Amino acid sequence: MSIEDKSLENFGRQMAKDIGAGSSPEELKCQEEAFVSLVSAGMSSPARRLAPVLSAAAALAIGLASLYFFTRPDSLSFRIGQVTSERAENVWVKAPTEEPLPVYFADGSQITLNANTAMRVVRADVDEVYIDLSQGEIDAMINSGGETRWTMHAGPYRMTVLGTSFTANWTSSEMVLDVTVHKGVVLVQGAGLNDHGIKLAAGDVLHANGKRRLVSLNTITRQHDTDAQSWSSSIDRSAVGTPDQDRQADPKSELTIRPDSRSRGKLPSHHGRSLRRSPAGQPTWIELYQQDRYGEAIDRAKAQGLDQLMRTSSKRDLWYLADAARNAGQLATATNILTTYRRRFSRSPKAHLAAFLLGRIAFEHRRNPARAARWFKTYLNEAKNGPLAEEALGRLMVAYDEGGAATQAQKTARQYLSRHPKGSYAKLAKYIAGDGK
Amino acid sequence: MNQKGVKNELADVIDLPGPALSNQELVRGLIRRETYAARQFHQRFGARIDRLVWRLLGADTEHHDLVHQVYVNILSSIRSLRKIESLSDWVNSVTFRTVRKELRNRKVRRLMVPSTDHVDAAEDNANPQKAVYIRRFYAVLAQLEVEDRMIFVLRYLEGHSLEEVAAAGQYSLSTAKRRIKRAKEEFESRVITDPILVSVLKSFSHVH
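These numbers come from a predicted model, not from an experiment.

Enquirer: Could you clarify how one ought to interpret the overall build of chain B in this entry?
Expert: Helices and strands together make up the secondary structure of chain B, namely ten helices and zero strands. The order of α-helices and β-strands along chain B, N terminus first, is α-α-α-α-α-α-α-α-α-α. Taken across its 208 residues, chain B has 38% of its residues classed as buried. Considering only residue pairs separated by 6 or more positions, chain B has 57% of its internal contacts joining residues 24 or more positions apart.

Enquirer: Whenever I open this one, the confidence of the model for chain A confuses me. Can you help?
Expert: A low pLDDT means the predicted coordinates there should not be read in detail. Here chain A averages 73 in pLDDT, and 72% of its residues register 70 or above. Note that residues 221-277 of chain A has pLDDT below 50 and, in this model, 97 contacts with residues that lie over four places away or in other chains.

Enquirer: Looking at this model, I keep getting lost on helix H11 (residues 331-344) of chain A. Mind explaining?
Expert: Along an α-helix, residues three or four apart share an orientation, since each turn contains 3.6 residues. Residue and element names in this part refer to chain A. Over its 14 residues, H11 runs 19 Å from end to end, which matches the ideal 20 Å to within 8%, given 1.5 Å per residue. Burial within H11 is extensive, with eleven of its 14 residues counted as buried. The set of residues buried in H11 consists of Leu 331, Thr 333, Ala 334, Thr 335, Asn 336, Ile 337, Leu 338, Thr 339, Thr 340, Tyr 341 and Arg 342.

Enquirer: Can you help me understand the packing of helix H13 (residues 369-382) of chain A against helix H14 (residues 389-402) of chain A in this one?
Expert: Axis angle and axis distance: for two packed helices, these are the angle between their axes and the distance between the axes, and together they describe the pair. Residues and elements named next belong to chain A. As a packed pair, H13 and H14 sit with axes 9 Å apart at the nearest point and diverge in direction by 155°. Of the possible angle classes, the one that applies to H13 and H14 is roughly antiparallel. In the crossing of H13 with H14, the sense of the turn from one axis to the other is left-handed. Listed contacts from H14 to Pro 369, Ala 372, Ala 373, Phe 376, Lys 377, Tyr 379 and Leu 380 of H13 are Ala 389, Ala 392, Leu 393, Arg 395, Leu 396, Ala 399, Tyr 400 and Glu 402. Of the residues belonging to the contact of H13 with H14, the class tally is twelve nonpolar, no polar and three charged.

Enquirer: Explanation requested: the nonpolar core in the structure shown.
Expert: As a rule of thumb, nonpolar side chains are buried together in soluble globular proteins. Formed by 112 residues in total, the largest nonpolar core has its most connected members in Met159(A), Ala168(A), Val179(A), Val186(A), Val188(A), Leu200(A) and Val53(B). Ile298(A), Ala392(A), Ala399(A) and Tyr416(A) belong to the second-largest nonpolar core, a separate cluster that totals 52 residues.

Enquirer: Before we go on, may I ask you to explain helix H15 (residues 406-419) of chain A in this structure?
Expert: Residue and element names in this part refer to chain A. The terminal C-alpha atoms of H15 lie 20 Å apart, and with 14 residues this matches the ideal 20 Å at 1.5 Å per residue to within 8%. Those residues of H15 not exposed but buried are Ala 409, Thr 412, Ala 413 and Tyr 416. Buried residues of H15 fall within an arc of 105° about the axis and therefore sit on the same side. Turned more than 90 degrees from where H15 packs its buried face, Thr 407 and Ser 418 sit exposed. Contacts from the buried residues of H15 go to H14 and helix H16 (426-433).

Enquirer: What's the story with unusual backbone geometry in this structure? I'm lost.
Expert: Note: most residues except glycine have negative phi, and most peptide bonds are trans. Residue and element names in this part refer to chain B. At Arg 33, a residue that is not glycine, the phi angle is positive and equals roughly 65°. Turning to its location among the elements, Arg 33 is positioned in the loop between helix H2 (23-31) and helix H3 (35-57). The exposure class assigned to Arg 33 is buried, which follows from the 23 C-beta atoms found within 10 Å. Of note in this structure, Gln 170 is not a glycine but carries a positive phi near 55°.

Enquirer: Before we go on, may I ask you to explain the pairing of strand S11 (residues 204-209) of chain A in this structure?
Expert: Look at any regular strand and the pattern is simple: side chains alternate between the two faces of the sheet. All names here are of chain A. Summarising burial for S11: five of the six residues are buried, a large majority. With five bridges connecting them, strand S9 (residues 176-189) and S11 associate as antiparallel partners. When the sheet's bridge partners are listed, Thr 180 is paired in S11 with Val 205. Two strands pair when backbone bridges link them, and S11 and strand S12 (residues 214-219) are joined in this way by six bridges, in the antiparallel orientation. The partner of Val 205 across the bridge, within S12, is Asn 218.

Enquirer: How should I be thinking about the packing of helix H8 (residues 294-304) of chain A against helix H10 (residues 315-327) of chain A in this particular structure?
Expert: All names here are of chain A. Contact geometry of H8 with H10 gives a least axis separation of 8 Å together with a crossing angle of 125°. It follows from the interaxial angle that H8 and H10 lie oblique. Where H8 crosses over H10, the two elements pack in a sense that is left-handed. Together, Tyr 294, Ala 297, Ile 298 and Ala 301 of H8 and Leu 321, Ala 324, Ala 325 and Asn 327 of H10 make up the contact between the two elements. For the contact of H8 with H10, the residue count by class is seven nonpolar, one polar and no charged.

Enquirer: Mind showing me how you'd approach the environment of Tyr289(A) here?
Expert: Residues and elements named next belong to chain A. Mapped onto the secondary structure, Tyr 289 falls in helix H7 (residues 285-290). Along the backbone, Tyr 289 and Asn 327 are 38 residues apart, and their C-alpha atoms lie at a distance of 9.7 Å. Those residues in contact with Tyr 289, other than ones at most four positions away along the chain, are Tyr 294, Ala 297, Tyr 320 and Ala 324.

Enquirer: Explain the environment of Val129(A) here, please?
Expert: Residue and element names in this part refer to chain A. In this structure, Val 129 sits in strand S6 (residues 128-142). Residues Val 129 and Leu 76 lie 53 residues apart in sequence; the distance between their C-alpha atoms is 8.2 Å. The contact partners of Val 129, leaving out residues within four places of it in the chain, are Leu 76, Val 121, Arg 123, Ala 124, Thr 148 and Trp 150.

Reading the values: rules and limits
- Residues numbered from 1 in each chain as written.
- Chains lettered and ligands numbered in written order.
- Predicted model: local features only at pLDDT ≥ 70, side-chain atom pairs only at ≥ 80, totals over all residues.
- Helix = DSSP H or I, 4+ residues; strand = E, 2+ residues; numbered from the N terminus.
- Buried ≥ 20, exposed ≤ 12 C-beta atoms within 10 Å, placed from the backbone.
- Contact = placed C-beta atoms within 7 Å.
- pLDDT = per-residue confidence, 0-100.
- Expected span 1.5 Å × (residues − 1).
- Axes fitted to C-alpha atoms, helices over the stretch in contact; angles between N-to-C directions.
- Parallel < 35°, antiparallel > 145°, perpendicular 65-115°, else oblique.
- Left-handed = near helix turned anticlockwise from the far one by under 90°.
- Nonpolar A, V, L, I, M, F, W, Y, C, P; charged D, E, K, R; others polar.
- Core = buried A, V, L, I, M, F, W, Y, C linked by C-beta atoms within 7 Å.
- Arc of directions from axis to C-beta.
- Pairing = 2+ DSSP bridges.

In structure tokens form, the structure reads like this:
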């Protein structure tokens, strides 16, 4: 048979049309978040995310046959199950259906893959461990030595931990991540969460749906946990619009047992307070905000009178309003609200966060490094040891560099390195300070 | 800061997504781990990368993982990009090579572990006939050598020109031409065994 090129092209076009163009807009958005997460994490090592979903035995058979064994002085050795392979980086393993599969690390940490869970250790160094969770549930007990930064990727989500104990369940087909923290703190970033992510403390249960971009946060119990107590003072929950103050204002939110967090699908904000509906019976801006309808929320707020809202709203509501504007991409409005928030509630811890956010808007969206630098400096002046101090210092350095202020950039880089020698901007700081290669 | 000051401060703030970055700015931004660059890069290339992976592999349980891997490969090799003006071709090339590696790995993997997690092309409940065509089409593609399969998809499904195929596969023009010819012949020799696909092809009327 010989087919004319033109016919084959027509056939191919028809076939391409039938096959479709790929992922849905929601899935593309998830991919975007995953990519942004990769970029911001500076993940340049070859982190293969493909999940062959091998059985543990098969994976190890392949691993033992073809593994790239090497020993670096800073490597963190680990073994999978009872097989004492020295290193098995980048090999996907899957726990059998009948029993869990433990992965033991030399520092005493242990990650247990529950039945049918597939995961791999991308890289394991004493200062940094990267793990990819392809599917299923892991129980992680990370040694609290504090030396190693652990990052676990699950689809568009990234979990960063130091010493902690938690369970993470990732359903890749639904793009659903459930995280339950038993001890310590876990920072979760990615789709549906703002760029800062959300820090979970002991007892917190996060349910995040990447496709629907829904996030729910519940507290099942507050365990006595020294780590969590010391960390939680610096927790920033603003990423999902659940300010600390709200939770503290309502002690029930700390104590209430909510066994079925998954069914809720929404943030437990407002604590059941009856919300006033608009005269026309339409939902208020705050109700729209709670439904993640940020654009509509801002439109409703503007119709109601944004200036008046900014003057009269409570601290919490004004923060929500800023959050809605930011999520709706209305950055001028967000800037306006955040600036007002700082003026009206200057003593609130969120006022410092507002400065940081204003810096980010100036830098990332308005490409105005000078103004961004001013806001990052403001944040650092006001919250030198705040939860975003490292990030603010790193961004300040970049803003100076981008703005052509080489001397200040170098000075800030050296300052950053002295304070955060293993921080996420450390490599860049070395480069800017002139110590890099 | 008083209200007037705030207004002055905001006088030049407008709701725009930000200026389109040049290729050079985009690459530099990615190297510097800037999220705005990541977002613009995705807006410019994300849908294309996704579509290319989708069509090269067919609907696949590992689709999102593979797209993710393309991004990982882009980030890990972007410093080696020499021709900034050819960023678009380079992205195609990274995607092509990532999928090619995966397809080759699958062949090896199947020797050791029977594959059970791969699904055929997208099911369309509203049009099951279409789903049959697509399944059979990918079954034919699966019989081809990896390189032939990919070139066939690029040329005939994606409608890539000779030059674009050459850039994606990093071939010379003459090699690309030869490989397209071989891919076409290989496809023809196998599709002939599938009467349903032959009937579809005949509907395009130029089969001899």
